Number of protein chains: 2
Amino acid sequence: MPHQTPIEFGVPHGSVSPRFERRTVVEPALVAALDAACGASTDPADLAEHGRDWWPLALHWALAGQVPNLPAVVVRPRTTAQVAQVAAACSAARVPLTVSGGRSGVSGGAVPVHGGVVLDTTELSGVDAVDEVSGLVTVRAGTFGPDLEDHLAPHGLRVGHYPQSFAISTVGGWVAARGAGQFSTRYGKIDDMVAGLEVVLADGRVLHVGGAPAAADGPDLASLFIGSEGTLGIVTSVTLRAHPVPDHEARAAWRFASFADGIAASRDAVRHGATPAVLRLYDAAETARSHGGDGHDCILLVLDEGDEGLVGATMDLVARSATSRGAAPGDGARVAAWLEHRNDTSALQALSRRGYVVDTMEVAAPWSRLPDVYGAVVGALRNVPGCIAASAHLSHSYLDGACLYFSFAAKDAGPVEAVYRNLWDAGQRAALAAGANLAHHHGVGLNRARFMDEALGGGLDVLRSLKASLDPHGILNPGKLGLGREVWP
Amino acid sequence: MPHQTPIEFGVPHGSVSPRFERRTVVEPALVAALDAACGASTDPADLAEHGRDWWPLALHWALAGQVPNLPAVVVRPRTTAQVAQVAAACSAARVPLTVSGGRSGVSGGAVPVHGGVVLDTTELSGVDAVDEVSGLVTVRAGTFGPDLEDHLAPHGLRVGHYPQSFAISTVGGWVAARGAGQFSTRYGKIDDMVAGLEVVLADGRVLHVGGAPAAADGPDLASLFIGSEGTLGIVTSVTLRAHPVPDHEARAAWRFASFADGIAASRDAVRHGATPAVLRLYDAAETARSHGGDGHDCILLVLDEGDEGLVGATMDLVARSATSRGAAPGDGARVAAWLEHRNDTSALQALSRRGYVVDTMEVAAPWSRLPDVYGAVVGALRNVPGCIAASAHLSHSYLDGACLYFSFAAKDAGPVEAVYRNLWDAGQRAALAAGANLAHHHGVGLNRARFMDEALGGGLDVLRSLKASLDPHGILNPGKLGLGREVWP
């Protein structure tokens, strides 16, 4: 069961109107078929709930009693067989089928922009198998993060995927959106955690892919569905790699004279083999705002856990890397403060209520590009009329680069939609031009669909070919990933 | 340039005949077009060389003056543009186009089983860019392993991909066959090393995919081509992740009373975070044959390199894991002996010359399945008439499982082809039934094509859909990966 209703803006259910005009006629015969398969809801409150996710622009619309769009029907299958029946029925009727889990996505990926049917996975939940020897857990797609980890704890296991949405997002959503958790520098992105998938194709075929630690049996077919955001298939079950619950933890904080120095130190540590679970570097603005900075210094928060010897060697390597770049020890208690508040997004919501246009944008780039990406994006955002703040932190590190997570806000510069679009156009295009990619873990959804062509080039043609071959009638989550029929902007 | 001719059996060039009857008519107009693009060879010696790879069954045929098949033309493009011209010309003419690099593959993947054109990548070689800050190297597909590492050394970098074929295989081959190196427990498989790819599609379109350390911009399109064995596109350039050249190394050996104890210790170490570059466990037969065993004990060879603190903590964790499973210290000099002889395959070749049917089979499985997979495969192989030896070692470890690498030999049991097929049918099916996958790093090629359906299930249908969408005329490496038109067995 969901641990938190995704969006609570106090908007009366049933009174909302759709922001987009695109609707699909759903014949009564299809509703009856879906109802026979697993029950079908046409309750206005249900439709309204499933017309939105955590896309920040939609939060503004919700305050005005609008959702991006309304589905005609919501279904909540409890088994893979029921999902297959739903897909086959929608495919035969040529009706859009959009899958939603916790609806915590921030890019509009779960919004049924063309109406039709929403398949809510949250009753397709629970853990089906735990292999303690191999550390593998097979979990249904609609299972929420805390339920997964609660189930694993008695087995001495932990997956360790902690996105900010942990409590309100599902395993299927993590996979579909190719997410990352806050401890990813040790445990990897969800891409690295998936050992196997069960997927229902658009025509109702059920597929099992993966299942071994590594293979050379043709291309990795699981990769086809990880990050496909419900456009190529419906993830119904996931086998994830889990770790022993760690028995040792260490924390540290370091203060740098500049963001560039902190980037260099993070790079040095990671490139020499350090993989601390948490390695978060805040720029001067964010350090001052949230981590006790003086407006000039930049804080690096470090946390690692696991085998005591490996953790000790990791923290030593980070310390050497930091001091060699001129860092001074910071207050280790800052790590605890971050841990406590890390999933609290109430400040952003409060700003939206007060009329600010607020959002975040995360991109990844090679180490050599990161200083330029940081400067270019912050500069571009600040040049947008109405922008009052733009800052960033380095949030997830890899051998060859890292993710920069930008936050920005604007006010009193015209219609919300235009300001929002201008900020994204400026920030995203500056990032791409400076050598970053389109997205690190928030996905594409609706918000970033317009950038897919310039970000992927010929790759988007390949993606369109895959889409046509696996979903020939285009019923799965239409309007997303730049695969045609976009409605925004 | 190649460092070693792939196959030297003393067979006079030009006198060989094709084993398979499948041939494709290549019109003079196509030969002229290919010649205009980059030069086209129809020299009999060239055709004979490109009719075979290191597939062990083909070694037997080579001794009889046969190759699996002969291409009609060999081309050696030097630029991506020339590769695109070749692909477009073959596509327009509907003529098979098989890519070959070092032809060190052991599954027949580079054999032009339907004749047509072979595209030899070995003149598409060299390093185009090195990013020292990020540790990224962009290298052309036809570059051999030693040339890549020699180029990187002055930059203080090393990719660390060391397959047994290191000296005679190319970067493009590593990617196309989804290979693994001997140091993969620290550095990962080639899948983990690829940051980006340049690919030429069947119709000549040039594609760039990847390029960032991590992404959420739709499915990972690079994964589509890694392991596709030349059936979905032609890899022309690869951007690989490289590591700092390590300044510290440690070695150890441990002796276990049983293979199962050694598996358990390897599992314990890796599951608690140890990633030693080398972690190789030999069963009693292989320990006695090559590593000083008494016929009962099983040796574990360990080598790690990198940051001194991390290496020390890793070796400590392995030592604790080994002793907790009853291991006694072994002779560390055994690691040096293995390093020295690790790429020497002359013994296998000598056995083939003497009429033995010899091969190896590698599969991966979760830790919980490995003891059963070991017992089932060794038992099944030994039950094949004529089998005189079957043994294994654990060669590559992961958080959730490992690769078992089987070696087997038979003699005096009938025609080579029948014995060879019987051994593979028995070993591969026993592995699949016990919970292993089809292949860990030797790929599918021709030899394993017949198992793809039972190994992948509905996944093979998806692969066929991808093939049809990306290569609608089926010109790329036909007869491989179970994608139709097989000729073996």
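Because the structure is predicted, anything quoted here is derived from the model rather than measured.

## Observations concerning the overall build of chain A
Inference 1: Within chain A one finds 18 helices and 20 strands.
Inference 2: Here the C-alpha radius of gyration of chain A, 22 Å, is about what a compact globule of 489 residues would show, namely 23 Å.
Inference 3: Along the first, second and third principal axes, the C-alpha set of chain A runs to 70 × 60 × 45 Å.
Inference 4: In chain A, buried positions account for 64% of the 489 residues.
Inference 5: For chain A, restricting intrachain contacts to residue pairs at least 6 apart in sequence, the fraction spanning at least 24 positions comes to 74%.
Inference 6: Carbon and sulfur atoms provide 51% of the accessible area of chain A, an area that totals close to 15,700 Å².
Inference 7: In chain A, 38 side chains carry a positive charge and 51 a negative one; their mean positions are 6 Å apart.

## Describing the domain arrangement of chain A
Residues and elements named next belong to chain A.
Inference 1: What the domain assignment reports for chain A is domain 1 (17-123), domain 2 (127-244), domain 3 (249-341) and domain 4 (346-448).
Inference 2: Listed as interface residues are 16 residues of domain 1 and, on the opposing side, 17 residues of domain 2.
Inference 3: Summing the contributions of domain 1 and of domain 2, the shared interface buries around 1,200 Å²; its carbon and sulfur component is 65%.
Inference 4: Applying the counting rule to domain 1 against domain 2 returns zero salt bridges.
Inference 5: Across the domain 1-domain 2 interface, the total number found is two residue pairs in polar contact (both at pLDDT 80 or more).
Inference 6: Going through the elements one at a time, α4 (80-93) and β5 (97-100) are the ones with two or more residues in the side of domain 1 that touches domain 2.
Inference 7: Here the side of domain 1 that touches domain 2 gets six residues from one element, more than from any other, and that element is α4.

## Digging into the sheet that holds strand β5 (residues 97-100) of chain B
Within a sheet, neighbouring strands are paired by backbone hydrogen bonds and run either parallel or antiparallel to one another.
Residues and elements named next belong to chain B.
Inference 1: Across the sheet, four strands lie side by side as β2-β4-β6-β5; this open sheet has mixed pairing. Single-partner strands in this sheet number two, and they are β2 (40-41) and β5.
Inference 2: Looking at chain direction, β2 and strand β4 (residues 73-75) are connected through two bridges and run antiparallel. Across the sheet, residue alanine 40 finds its bridge partner in β4, namely valine 75.

Thresholds, definitions, all that
The numbering scheme is per chain: residues are counted from 1 as the chain's sequence reads. Starting at A for chains and at 1 for ligands, labels are handed out in the order in which the entities are written. Per-residue local features of the predicted model are confined to residues with pLDDT of at least 70, and side-chain atom pairs are confined, for both listing and counting, to 80 or more; whole-chain, interface and lining totals are unaffected and use all residues. For the side-chain quantities, the full set of heavy atoms in the structure was used; hydrogens and water were omitted. Secondary structure elements follow DSSP: runs of H or I of four or more residues count as helices, runs of E of two or more count as strands, with numbering from the N terminus. For this measure, only C-alpha atoms enter the radius of gyration; the expected value for a globule follows 2.2 Å times N^0.38, where N is the number of residues. Categorising residues by exposure relies on relative accessible area from a 1.4 Å probe, with only protein chains included: less than 20% of the type maximum marks a residue as buried, more than 50% marks it as exposed, and the intermediate range marks it as partly exposed. In what follows, residue pairs with any heavy atoms lying within 4.5 Å of each other are defined as contacts. Working definition of accessibility: Shrake-Rupley area with a 1.4 Å probe, residue cover restricted to the visible protein chains. The sign given to each residue is positive for Lys and Arg and negative for Asp and Glu; His and the chain ends receive no count. A charged residue contributes its charge at one atom only: NZ of Lys, CZ of Arg, CG of Asp or CD of Glu. Here the limits of each domain have been adopted from an automatic or database domain assignment. Buried area: the accessible surface (1.4 Å probe) lost by two parts on joining, summed over both. In the sections that follow, a salt bridge refers to a side-chain nitrogen of Lys or Arg positioned within 4 Å of a carboxyl oxygen of Asp or Glu. Whenever two N or O atoms come within 3.5 Å, that pair is a polar contact, provided that in protein one can donate a hydrogen and the other can accept it, and provided that, for residues adjacent in sequence, both atoms are side-chain atoms. A strand pair is defined by DSSP finding two or more bridges across the two strands.

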